[in-house]
Amino acid sequence: QVQLVESGGGLVQPGGSLRLSCVTSGFTFTEHVMTWYRQAPGKDRQFIAGLGSTDVTGYYADSVKGRFTISRDNAKNMVYLQMNNLQPEDTAVYYCRAPYYDYWGQGTQVTVSS
């Protein structure tokens, strides 16, 4: 029922930028906090950003604060993650999530390398 489809990942050089998108369906998007997580090889998934249902300003893990920005478009049921000044330690699979639901999509791979 719940569906989350991430896109926008790819290979980027250190200092570069990417914008990730997440298309959602199967739940009332406008009533939910939306979040982004990431998982590096051999590591647990970690929270990186969240945004309330009608908020403009998100909240962030210290590792990405000042570099990443989460936003949402409630008319399109979409959530975004703008990632600037990417570093090799940002390499991971990135996932969007509505925390109320125990569901993970396929994610999108981000690789930061020179």
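Structure report, in brief. A quick note: this is a predicted structure, and the numbers were derived from the prediction, not measured.

This part takes up unusual backbone geometry. Positive phi values are uncommon outside glycine, yet Asn77 reaches one of about 55 degrees. Look at Asn77 and you get partly exposed, because its relative accessible area is 28%. The phi angle at Asn85 is positive, at roughly 50 degrees, despite the residue not being glycine. The residue Asn85 is located in the loop between strand E8 (78-83) and strand E9 (92-97) in this model. By relative accessible area, which is 40% here, Asn85 ends up partly exposed.

Next up on the list: the nonpolar core. In this structure, Trp36, Phe68, Leu81, Met83 and Tyr94 are the most contacted members of the largest nonpolar core, which totals 26 residues. Of all elements in the fold, only strand E3 (18-25), strand E4 (34-39), strand E5 (46-51), strand E7 (68-73), E8, E9 and strand E10 (108-112) reach the threshold of two or more residues within this core.

A few words on the sheet that holds E10. Read across the sheet, six strands follow the order E2-E10-E9-E4-E5-E6 without closing on themselves; strand pairing throughout is mixed. Looking along the sheet, the strands with just one partner apiece sit at the ends: strand E2 (10-12) and strand E6 (59-60).

Going through the model one piece at a time under the given rule, you end up with three salt bridges. The residue Arg38 makes a salt bridge to Asp90 at a minimum N-O spacing of 2.9 Å. Residue Arg38 is found in strand E4, and its partner Asp90 is found in the loop between E8 and E9; the two are separated by 52 residues along the sequence. Under the relative-accessibility criterion, Arg38 is labelled buried at 5%. A salt bridge links Asp90 to Arg67; its shortest N-O distance comes to 2.8 Å. Here the residue Asp90 occupies a position in the loop between E8 and E9, and Arg67 occupies one in the loop between E6 and E7, the gap between them amounting to 23 residues. Among the residues examined, Asp90 registers a relative accessible area of 0% and is labelled buried. Through salt bridges with shared partners, a single network forms among Arg38, Arg67 and Asp90.

Turning our eyes to something else, we now look at the environment of Thr54. Within the secondary structure, Thr54 is located in the loop between E5 and E6. Spatially, the C-alpha atom of Thr54 lies 8.6 Å from that of Val33, the residues being 21 residues apart in sequence.

Applying the stated criterion across every chain yields a total of seven aromatic pairs. Measuring from centroid to centroid gives 5.1 Å for Tyr100 and Tyr101, while their planes differ by 85 degrees, and the two rings are edge-to-face. Assessed through its relative accessible area of 68%, Tyr100 is described here as exposed. What makes Tyr101 partly exposed here is its relative accessible area of 24%. Note that Arg19 overlies the ring of Tyr80, its terminal NZ or CZ placed 4.1 Å from the centroid. The ring of Tyr95 has Arg45 sitting right over it, with the charged end atom 4.9 Å from the ring centre.

Throughout the structure, instances matching the rule amount to one disulfide. Between the sulfur atoms of Cys22 and its disulfide partner Cys96 the distance amounts to 1.8 Å. Torsion about the S-S bond of the Cys22 and Cys96 cystine: about 45 degrees, corresponding to right-handed handedness. One end of the pair, Cys22, is in strand E3; the other, Cys96, is in strand E9, and 74 residues separate them in sequence. Residue classification places Cys96 among the buried residues on the basis of a relative accessible area of 0%.

Rules used in this analysis
Residues numbered from 1 in each chain as written. Predicted model: local features only at pLDDT ≥ 70, side-chain atom pairs only at ≥ 80, totals over all residues. Heavy atoms only, no water. Buried < 20%, exposed > 50% of the residue type's maximum accessible area, 1.4 Å probe, protein only. Helix = DSSP H or I, 4+ residues; strand = E, 2+ residues; numbered from the N terminus. Core = buried A, V, L, I, M, F, W, Y, C linked by side-chain atoms within 4.5 Å. Pairing = 2+ DSSP bridges. Salt bridge = Lys/Arg side-chain N within 4 Å of Asp/Glu carboxyl O. Phe/Tyr/Trp six-rings, centres within 6.5 Å; stacked < 30°, edge-to-face > 60°. Lys NZ or Arg CZ within 6 Å of the ring centre and 35° of its normal. Disulfide = S-S within 2.5 Å.

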